[in-house]
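Structural overview for review
Residue-level listing of the chains:
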Amino acid sequence: QVQLVESGGGLVQTGGSLKLSCATSGRIFSNYAMGWFRQAPGNERELVAFINWDSNTYYADFVKGRFTISRDNARYTVYVQMNNLKPADTAVYYCAADHLPTMLKGAATYWGQGTQVTVSS
């Protein structure tokens, strides 16, 4: 069973920072793009960022310049450093894995359980 295990969510004030982590198996980490999605109450799920096996990255416009996605190949872990957080960033953040074309469509085959990020004003 594929596992994506997220950690690092929490409550932060506007302008603050959080770093999310997602650990998975070597098979998944080595063969798929790894990404982060988020879903706020009443909103559709949206792609935040992803990083491919070759470390190429993609960011949604609403996080460019504030979020940085990275990967640790030795730990099979992907991170997203979130800076200058805004109340609009409040959502459940999900780690996901799949091939790049699927990610670009806003979908994925493998999902984590989600971690709550709340940004207070």
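Scroll up to find the structure.
Residues numbered from 1 in each chain as written. Predicted model: local features only at pLDDT ≥ 70, side-chain atom pairs only at ≥ 80, totals over all residues. Heavy atoms only, no water.

**Details of the overall build of the protein chain**
From N to C terminus, the protein chain includes two helices and eleven strands. Reading the protein chain from its N terminus to its C terminus gives the helix and strand order β-β-β-α-β-β-β-β-β-β-α-β-β. For the protein chain, the spread of C-alpha atoms along the three principal axes comes to 40 × 30 × 25 Å. In the protein chain, once contacts between residues fewer than 6 apart in sequence are set aside, the share between residues at least 24 apart is 57%. Surface exposure of the protein chain reaches about 6200 Å², of which carbon and sulfur atoms provide 47%. In the protein chain, which carries 10 positive and 8 negative side-chain charges, the distance between the mean positions of the two groups comes to 3 Å. (Helix = DSSP H or I, 4+ residues; strand = E, 2+ residues; numbered from the N terminus. Contact = heavy atoms within 4.5 Å. Areas by Shrake-Rupley, 256 points an atom, 1.4 Å probe, with all protein chains shown as cover. Lys, Arg positive; Asp, Glu negative; His and termini not counted. Charge placed at Lys NZ, Arg CZ, Asp CG, Glu CD.)

**Some points on the environment of glutamine 116**
Tracing the backbone through its elements, the reader meets glutamine 116 in strand 11 (residues 115-120). Separated by 76 residues in sequence, glutamine 116 and alanine 40 have C-alpha atoms that sit 9.6 Å apart. When sequence neighbours within four positions are dropped, the list of residues in contact with glutamine 116 reads Gly9, Gly10, Thr90, Ala91 and Val92.

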